[in-house]
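Structural features, examined
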Amino acid sequence: MKKLLLLLAISFMAAACTEKSYRLEVNFNNDDETAQKVYLINYDSSDTIDSALVMARKAVFQGKVKDNMVARVLASGARATFILEGGDIVINWADRKATGTELNDSLAKFNDEVDAQDKKMEELSKKQLSDDQLAAQAQAIEAKIADAMMVHYTANKKNAFGWWSLYQYMINGNFSLQQLQDILAQAPKEYAEQSTRMKKLLAAAQTVERTKEGCKMVDFTVTTEDGIATSLSDFVGKGDIVVVDFWASWCGPCRREASTTLKQIYDKYNGKGLSVLGVAVWDKPEDTFAAIEQLALPWPQIINSKNIASDAYGFNSIPHIIVFSADGTILCRGLLGDKLMAKIDEIMAK
């Protein structure tokens, strides 16, 4: 029999709330997950709330929640994000969307809005556009998504969906530390005071300030299970320009960037005073090795850096690329595609 838990989360309601019962059903489309353990996770703190086994193509969680909270279900290396609140919630694993309660229905609607804009973004690559036209249209699409986030935040400030909407707005907005602080100053005070992710976001922004263009390399070391240690300084600051690609096998944009821009840079400049280095983050080593083979990536890799690299440089999305000078000074960071290629051409022409 499953245990009933009082779930402690960010308190979004001004008045005291009673515990509300929930039933979460996760439905799978095949038998591949049968007898597999599925985890219910607090999205903000990453703490495990509960676990369940998949039986007859479904996993069921039951418990009690105070107020509401953003949560995740983890199964077979994949994840679904939803709002854990009182009521009957159903997640269809095929599309990872939760329905059945008010906030989850709102979140599903928002996800549909984002999916529609993402499709428009994908269609841009098929159009015959100049770089400037492509950038302008991409920015317009990103602005629509950001506007939708702020609309949902404004309408839901006192619940978990509002917190999630503002958090997504902040992590996708490429904001400076001061801008993030200004945004949070206008938000409910519990966002900054109680949210683990908001605190980490501000800490990451502080790290970005210390690792911006013109700053020296911040070293980090990754040690494998068999005790072999590899550091960023093993590759950077050794006399070459180094293009460092922070990536993961499950990240589609990472795979595209590695297969196109980075291979072009490698083919054009490798051995001519420039080298490329991959740093696998937030990924399983076996998946990283499989992707390296599938994509035929010829440059060296630091495997299984987990959060070590992202903590050192403050990025929260990938691919993230940093270019270091021969002495380890940061020349640029955050550029992709044609902008990255143009910057490398400019650096190598000096």
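Thresholds applied
Residues numbered from 1 in each chain as written. Predicted model: local features only at pLDDT ≥ 70, side-chain atom pairs only at ≥ 80, totals over all residues. Heavy atoms only, no water. Helix = DSSP H or I, 4+ residues; strand = E, 2+ residues; numbered from the N terminus. Rg over C-alpha atoms; globule rule 2.2 N^0.38 Å. Contact = heavy atoms within 4.5 Å. Areas by Shrake-Rupley, 256 points an atom, 1.4 Å probe, with all protein chains shown as cover. Disulfide = S-S within 2.5 Å. Buried < 20%, exposed > 50% of the residue type's maximum accessible area, 1.4 Å probe, protein only. Phe/Tyr/Trp six-rings, centres within 6.5 Å; stacked < 30°, edge-to-face > 60°. Pairing = 2+ DSSP bridges. Axes fitted to C-alpha atoms, helices over the stretch in contact; angles between N-to-C directions. Expected span 1.5 Å × (residues − 1). Parallel < 35°, antiparallel > 145°, perpendicular 65-115°, else oblique. Left-handed = near helix turned anticlockwise from the far one by under 90°. Nonpolar A, V, L, I, M, F, W, Y, C, P; charged D, E, K, R; others polar.

**Thoughts on the overall build of the protein chain**
- Summing up its helical and strand segments, the protein chain has ten helices and 16 strands in all.
- What you see for the protein chain is a C-alpha radius of gyration of 22 Å, in line with the 20 Å of a compact globule of 350 residues.
- Partitioning the contacts of the protein chain with sequence separation of at least 6, the portion at a separation of at least 24 is 64%.
- As presented, the protein chain carries roughly 18,000 Å² of accessible surface, and 49% of it is formed by carbon and sulfur atoms.

**A closer look at the state of the cysteines**
- As enumerated under the stated definition, the model contains one disulfide in all.
- Here Cys 215 stays free of any disulfide, with the sulfur of Cys 332 as its closest cysteine sulfur at 13 Å.
- We classify Cys 332 as buried; its relative accessible area is 5%.

**Regarding the packing of aromatic side chains**
- As enumerated under the stated definition, the model contains 15 aromatic pairs in all.
- Arranged with centres 6.3 Å apart and planes meeting at 80°, the rings of Tyr 43 and Tyr 167 form a pair that is edge-to-face. Residue Tyr 43 is located in the loop between strand E3 (37–42) and strand E4 (48–53), and its partner Tyr 167 is located in helix H3 (residues 160–171); the two are separated by 124 residues in the primary sequence.
- Owing to a relative accessible area of 5%, Tyr 43 belongs among the buried residues under this scheme.
- Since its relative accessible area comes to 7%, Tyr 167 is described here as buried.
- Aromatic side chains Phe 246 and Tyr 313 sit 6.0 Å apart centroid to centroid with 40° between the ring planes, which places their arrangement in the tilted category.

**Description of unusual backbone geometry**
- Ile 318 connects to Pro 319 through a cis peptide bond whose omega is 5°.
- At Asn 174, a residue that is not glycine, the phi angle is positive and equals roughly 55°.
- Its location among the elements puts Asn 174 in the loop between H3 and helix H4 (177–185).
- Positive phi outside glycine occurs at Trp 282, with the angle close to 50°.

**A closer look at the sheet that holds strand E14 (residues 301–302)**
- Sheet architecture is open: five strands sit in the order E14-E13-E12-E15-E16, paired in mixed fashion. With one partner strand each, in any of the chains shown, E14 and strand E16 (330–333) form the two edges of the open sheet.
- Across the face of the sheet, helix H7 (residues 252–269) comes into contact with strand E12 (241–247), strand E13 (274–280) and strand E15 (320–324) while running at roughly 165° to E12.

**Quick word on helix H10 (residues 337–349)**
- Under the 1.5 Å per step criterion, the end-to-end length of H10 is 18 Å for 13 residues, consistent within 8% with the ideal 18 Å.
- Turning to H10, the residues buried within the fold contact E12, H7, E13, E15 and E16.

**Notes on the packing of H7 against helix H8 (residues 285–295)**
- For the pair H7 and H8, the least separation of the axes is 11 Å and the interaxial angle reads 45°. When the interaxial angle is binned, H7 and H8 end up oblique. You can see that H7 and H8 cross each other, and the crossing is right-handed. Mapping the contact onto sequence places Arg 255, Ser 259 and Lys 263 in H7 and Ala 291, Gln 294 and Leu 295 in H8.
- Classifying every residue of the contact of H7 with H8 by side-chain character gives two nonpolar, two polar and two charged.

**Some thoughts on the pairing of E15**
- Taking burial as the measure, the five residues of E15 include five buried ones, the bulk of the element.
- Burial along E15 is two-sided: His 320, Ile 322 and Phe 324 facing one way and Ile 321 and Val 323 facing the other are all buried.
- Bridge analysis of E12 against E15 gives five bridges, and the strand direction is antiparallel. When the bridges of E15 are listed, Val 244 appears paired with Ile 322.
- Two strands pair when backbone bridges link them, and E15 and E16 are joined in this way by three bridges, in the antiparallel orientation. In the sheet register, Phe 324 faces E16, and the bridge partner there is Ile 330.
- What sits between the antiparallel neighbours E15 and E16 is a turn of five residues, in which Gly 328 has the positive phi angle 95°.

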